[in-house]
Amino acid sequence: TYIWGVGSTHQITATTPQKDAQGNTWVFQSWDDKVTAPSRTLTMPAGADVNGYGLVALYTSQANLTVGSTLAGQVVTVDGSPCTTPCSITRSVGTQVHVSAPALVSVSGSSRQNFLGWSTGTGAPVAGDWIATLNASSTSITATYRLMNSLTTAAKPSSGAKWSISPASADGFYDSQTQVTVAVTARPGYRFSSWAGDLSGSAPSGSLSMSMPHNVVAQFRMVPRIAPRGVSNGAGSAQQTGVAPGSVASIFGSTLAATTAVGPASPLVQTLADVTVH
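The structure displayed is predicted, hence computed values, not measured ones.

Let us now look at the overall build of the protein. A tally of helices and strands in the protein yields 1 helix and 23 strands. Here the C-alpha atoms of the protein give a radius of gyration of 40 Å, more than 25% beyond the 19 Å that 2.2 N^0.38 yields for 278 residues. The C-alpha extent of the protein, read off along each of the three principal axes, is 140 × 40 × 25 Å. Going through the 278 residues of the protein one by one, you find that 27% of them count as buried. Of the contacts made within the protein by residues no fewer than 6 positions apart, 58% connect residues no fewer than 24 positions apart. In the form shown here, the protein has an accessible surface area of approximately 17,000 Å², with 54% of it arising from carbon and sulfur atoms. One way to put it: in the protein the 13 positive side-chain charges average out to a point 25 Å from where the 10 negative ones average out.

As a further point, take the state of the cysteines. As enumerated under the stated definition, the model contains 1 disulfide in all. Each sulfur of the disulfide joining Cys83 and Cys87 lies 1.5 Å from the other. Sign of the S-S torsion, about 125° for the bond between Cys83 and Cys87, identifies this disulfide as right-handed. Cys83 sits in the buried class, given a relative accessible area of 6%.

Right, let's talk about the layout of surface pockets for a bit. Looking at the largest pocket, its volume works out to about 970 Å³. In terms of lining residues, the largest pocket is bounded by 27 residues, among which Ile251, Val269, Leu272, Val275 and Val277 are the most central. Those elements giving two or more residues to the lining of the largest pocket turn out to be β21 (249-254), β22 (271-272) and β23 (275-276). Element by element, the count of residues in the lining of the largest pocket is highest for β21, at 3 residues. Taken together, the residues of the lining of the largest pocket sort by class into 17 nonpolar, 10 polar and no charged. Its boundaries defined by the atoms lining it, the second largest pocket holds a volume of some 380 Å³. Contributing to the lining of the second largest pocket are 15 residues, with Tyr2, Trp4, Met44, Tyr53 and Gly54 lying nearest its centre. Residue composition of the lining of the second largest pocket, by class: 11 nonpolar, 3 polar and 1 charged.

A word on the nonpolar core. Counting 21 residues, the largest nonpolar core has Leu65, Val67, Val99, Trp118 and Trp130 as its most contacted members. Elements with a minimum of two residues in this core: β5 (57-69), β6 (75-78), β8 (87-92), β9 (96-100), β11 (111-120), β12 (130-133) and β13 (138-156). Each residue touching Leu65, except ones within four places of it in the same chain, is listed here: Cys87, Ser88, Ile89, Val97, Val99, Trp130, Leu134, Thr139 and Ile141. Listed in part, the 16 residues of the second largest apolar core include Ala155, Tyr174, Phe192 and Phe220.

The next subject is the sheet that holds strand β7 (residues 81-84). Pairing is antiparallel across the open sheet formed by 4 strands, whose spatial order is β7-β6-β9-β12. Since the sheet does not close on itself, it has two edges, and those belong to β7 and β12, each with one partner. Across this sheet, the average inter-strand angle for adjacent strands is 30°, counted without regard to direction. Both β6 and β9 contribute to a ladder of 2 bridges, which runs antiparallel. When the bridges of β9 are listed, Val78 appears paired with Val99.

About the cut-offs
Residues numbered from 1 in each chain as written. Predicted model: local features only at pLDDT ≥ 70, side-chain atom pairs only at ≥ 80, totals over all residues. Heavy atoms only, no water. Helix = DSSP H or I, 4+ residues; strand = E, 2+ residues; numbered from the N terminus. Rg over C-alpha atoms; globule rule 2.2 N^0.38 Å. Buried < 20%, exposed > 50% of the residue type's maximum accessible area, 1.4 Å probe, protein only. Contact = heavy atoms within 4.5 Å. Areas by Shrake-Rupley, 256 points an atom, 1.4 Å probe, with all protein chains shown as cover. Lys, Arg positive; Asp, Glu negative; His and termini not counted. Charge placed at Lys NZ, Arg CZ, Asp CG, Glu CD. Disulfide = S-S within 2.5 Å. 1 Å grid on protein atoms, 1.4 Å probe; cavity = no way out; pocket = protein on both sides within 12 Å on 5 of 7 lines; lining within 4 Å. Points joined across faces, edges and corners; volume = space filled by probe spheres on them. Nonpolar A, V, L, I, M, F, W, Y, C, P; charged D, E, K, R; others polar. Core = buried A, V, L, I, M, F, W, Y, C linked by side-chain atoms within 4.5 Å. Pairing = 2+ DSSP bridges. Axes fitted to C-alpha atoms, helices over the stretch in contact; angles between N-to-C directions.

Written out as structure tokens, the structure is:
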């Protein structure tokens, strides 16, 4: 309350924003005579010496949204604008806010962080963007990420292995808390020898904890193999799949000898390049 003379001019300012005793934030909306500027010049009107004169500053309560991330300094988007976590956003109570985070954050070529979802308070993460109306004076959300590491596999020779990996992964990346079982089956003409890389031993299977990136190599050696229906009449194809006793037969396969050798046409030898057929 002030005592001012009629016709005198004064400067009035409504401080904005400001906090109440409970720590809630308020921003200026307008004066009760519809003037929307928080600062104004007022000249005391005629008649104010009889009736007095009053003004009321109208304020709107504000909601504070705190956005965090399990990755320090991660940039997220709030209503289309970048926000480096942790950050605070102030909006009028009742305002809808749209917050999004990157689905993947690369750590290296073999590790990355996958976005699991938004956690509100101590709740479990919920996948997708966080879209909500701010009704409480204070709300906290956290972008929750999970470390993913890659598992790379190779076979030497490359054609020697049939892989079985459990659990399966579409792109070779696994949650860092996952235990993965790796097994190989030798393809025809090969025999498993041993592991190299992050697995060892001669057993064709092993287990890995994906708390870090892993690389495994299955090593094979080639072994003699006769192809399906690989034994046939030496004179050419026939309807019968067998061969008669005492006849000339041809055997087709792979790795039947260490080297390529051609024997004499006649007489046929019984041993050639250290290979004997019984």
